[in-house]
Amino acid sequence: MNNMNQMMKQVKKMQEQMMKAQEELGTKMIEGTAGGGVVTVIINGHKKVQSINIKPEAVDPEDVEMLQDLVLTAVNDAMTKAEEIANKDMGKFTGGMNIPGLF
């Protein structure tokens, strides 16, 4: 019975550490860029877009598709980086397993 209590304490401690790590992810800001920096997207560790910055030279009324592609590329760049950070930060709790919905 003592082993069970000890195990439950360890599980609770790990849950608290995971929750803290999840909260900390939300405070991390990740930058994605495209077009040599003419489009910049900032997202947090929870993959929520915080800002999009488009330099004037990226805006060509004759080529809206290019601007759309740049924004899409910058968002995807930021998302990829956020995923890598989440996997690194949370991987220590999951042993490298990707658990859907956890982060």
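Counting restarts for each chain: residues are numbered from 1 in the order of the written sequence. Under the rules for a predicted model, residues below a pLDDT of 70 receive no local features and side-chain atom pairs below 80 are neither given nor counted, while totals for whole chains, interfaces and linings still include all residues. Hydrogens and water molecules were not included; the side-chain quantities draw on all heavy atoms of the structure.

(A) Region of the structure containing the overall build of the protein chain. Only runs of H or I of at least four residues qualify as helices and only runs of E of at least two qualify as strands under DSSP, and these elements are numbered from the N terminus. When its secondary structure is counted, the protein chain shows 2 helices and 3 strands. The order of helices and strands in the protein chain, counted from the N terminus, is α-β-β-β-α. Within the protein chain, contacts between residues at least 6 apart in sequence are counted, and of these 46% link residues at least 24 apart. The method behind every accessible area is Shrake-Rupley, applied with a 1.4 Å probe, and residues are considered shielded solely by the protein chains displayed. A total accessible area of about 7,200 Å² is found for the protein chain, and carbon and sulfur atoms account for 55% of it. Two residues form a contact once any of their heavy atoms are found within 4.5 Å.

(B) Structural context of the nonpolar core. Residue types Ala, Val, Leu, Ile, Met, Phe, Trp, Tyr and Cys, when buried and joined through side-chain atoms within 4.5 Å, form a set referred to as a nonpolar core. Relative accessibility thresholds used throughout: buried, under 20% of the residue-type maximum; exposed, over 50%; partly exposed, between the two (1.4 Å probe, protein chains only). Counting 13 residues, the largest nonpolar core has Val-38, Val-39, Val-41, Ile-43, Ala-58, Leu-70 and Ala-74 as its most contacted members. Elements with a contribution of two residues or more to this core: β1 (29–34), β2 (39–44) and α2 (64–94). When residues of this core are assigned to their parent elements, the largest contribution, 6 residues, is made by α2. Aside from chain neighbours lying at most four places away, what touches Ala-58 is Val-38, Val-39, Met-66, Leu-67 and Leu-70.

(C) The arrangement of the environment of Leu-67 in detail. Turning to its location among the elements, Leu-67 is positioned in helix α2. Put simply, Leu-67 and Ala-34 are 33 residues apart on the chain and 9.8 Å apart in space, counted from C-alpha to C-alpha. Once residues lying within four places of it in the same chain are set aside, the contact partners of Leu-67 are Val-39, Ile-54, Ala-58 and Val-59.

The quantities given are spatial measurements derived from coordinates; they are silent on function.
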